[in-house]
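Residue-level listing of the chains:
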Amino acid sequence: MATERTLSIIKPDGVQKQVIGKILTRFEDAGLRIVAAKMMQLDKNLAGSFYAVHKERPFYNDLVTYMTSGPVFVSVLEGADAVNKNRELMGATNPKEAKPGTIRADFADSIEANTVHGSDSLENARNEVAFFFPDL
Ligand code: AMP
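Predicted model, so just to flag it, every value in this text is computed and none were measured.

## Points about the site of the ligand
Point 1. Taken together, the neighbourhood of the ligand is formed by Lys11, Tyr51, His54, Phe59, Leu63, Thr93, Ile111, Glu112, Asn114 and His117.
Point 2. One of the backbone N or O atoms of Ile111 is found 2.9 Å from an oxygen atom in the ligand.
Point 3. In this structure, Asn114 approaches the ligand through a side-chain N or O atom, which is 3.1 Å from an oxygen atom.
Point 4. For the ligand, whose accessible area on its own is 480 Å², the fraction buried by protein is 75%.
Point 5. Of the residues in the shell around the ligand, the class split is four nonpolar, four polar and two charged.

## Some words on unusual backbone geometry
Point 1. The backbone phi angle of Asp81 is positive, close to 55°, even though this residue is not glycine.
Point 2. On the secondary structure map, Asp81 appears in the loop between strand E3 (72-80) and helix H5 (82-90).
Point 3. Located in the positive-phi region is Thr115, a residue other than glycine, with phi close to 70°.
Point 4. With respect to the element layout, Thr115 can be found in the loop between helix H6 (103-107) and strand E4 (116-118).

## Some points on the sheet that holds strand E1 (residues 3-10)
Sheet strands line up and pair through hydrogen bonds in the backbone, either parallel or antiparallel.
Point 1. Pairing within the open sheet is antiparallel, and its four strands lie in the order E2-E3-E1-E4. The open sheet has two edge strands with one neighbour each: strand E2 (33-40) and E4. Sheet twist, expressed as the mean angle between neighbouring strand axes with direction ignored, is 20°.
Point 2. When E2 meets E3, the two strands line up antiparallel, connected through seven bridges. When the bridges of E3 are listed, Ile34 appears paired with Leu77.
Point 3. Sheet contacts for helix H2 (residues 20-29): E1, E2, E3 and E4; angle to E1, the most-contacted strand, approximately 165°.
Point 4. Strand contacts of helix H7 (residues 122-132): E1, E2, E3 and E4, with the helix running at about 60° to E1, the strand carrying the most contacts.

## Some details on the nonpolar core
Point 1. Ranked by internal contacts, the top residues of the largest apolar core, which has 20 residues, are Leu7, Ile9, Met67, Val74 and Phe132.
Point 2. Of all elements in the fold, only E1, E2, helix H3 (44-50), helix H4 (60-67), E3 and H7 reach the threshold of two or more residues within this core.
Point 3. The element best represented in this core is H4, accounting for five residues.
Point 4. Among the nonpolar cores identified, the runner-up in size contains 15 residues, and Val19, Phe73, Ala82 and Val116 belong to it.

Parameters and conventions
Counting from 1, residues in each chain are numbered in the order their sequence is written. Local features in this predicted model are restricted to residues whose pLDDT is 70 or higher, and side-chain atom pairs enter the listing and the counts only when it is 80 or higher, whereas totals over whole chains, interfaces and linings include all residues. Computation of side-chain values covers all heavy atoms of the structure but excludes hydrogens and water. Residue proximity to a molecule or strand is established when one non-hydrogen atom of the residue lies within 4 Å of it. Here a polar contact is recorded for every N or O atom pair within 3.5 Å, except that within protein the pair must consist of a potential hydrogen donor and a potential acceptor, and residues adjacent in sequence are included only if both atoms are side-chain atoms. Accessibility throughout is a Shrake-Rupley quantity obtained with a 1.4 Å probe, and a residue counts as covered only by protein chains that appear here. Gly is put with the polar residues, along with every residue not named as nonpolar or charged; the nonpolar set is Ala, Val, Leu, Ile, Met, Phe, Trp, Tyr, Cys and Pro, and the charged set is Asp, Glu, Lys and Arg. Helix and strand labels come from DSSP, where a helix needs a run of H or I of at least four residues and a strand needs a run of E of at least two; each type is numbered from the N terminus. Strands are treated as partners if at least two bridges between them are detected by DSSP. Orientation is described by lines fitted to C-alpha atoms, with helices fitted over the stretch in contact, and by angles between N-to-C directions that extend from 0 to 180 degrees. In this description, contact between two residues means that some pair of their heavy atoms is separated by no more than 4.5 Å. In plain words, nonpolar cores are sets of buried Ala, Val, Leu, Ile, Met, Phe, Trp, Tyr and Cys residues tied together by side-chain atoms within 4.5 Å. Relative accessibility thresholds used throughout: buried, under 20% of the residue-type maximum; exposed, over 50%; partly exposed, between the two (1.4 Å probe, protein chains only).

Shape is all these values report; function is a separate question.
What follows is the structure, encoded as structure tokens:
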């Protein structure tokens, strides 16, 4: 299985609930290495461009408002099949549909406040890692 890198964001609700450590432990226990990380407050410009693919969606403005509502924890995870592995650990976008034992099933409140973001493909992972960590 190829070694990949993927971008993870612990969203404002995850930071607020003080589960950064628990979430990072899940990544590490699954064999994913944290190769870069930073805590940051996104502004509307940065969150808007990160989610530009969703610009036409009805939830776009709320999503940008939500992602700027408090600090987020952004990291790069590296390991075999990292993109898919991270998505399995996260569970479905809507926590009501997330499998038991996944991060969203255990910690998320709603489809918006769903605790974590993870790149959904290898191509997006490359773009998202470069977006937040251009020197990596
Ligand atoms: P993604 O790029 O797949 O992470 O999607 C961006 C984020 O938009 C998701 O993680 C959700 O927080 C949010 N989102 C996706 N679909 C909806 C929806 N139908 N209503 C509200 N928020 C949504």
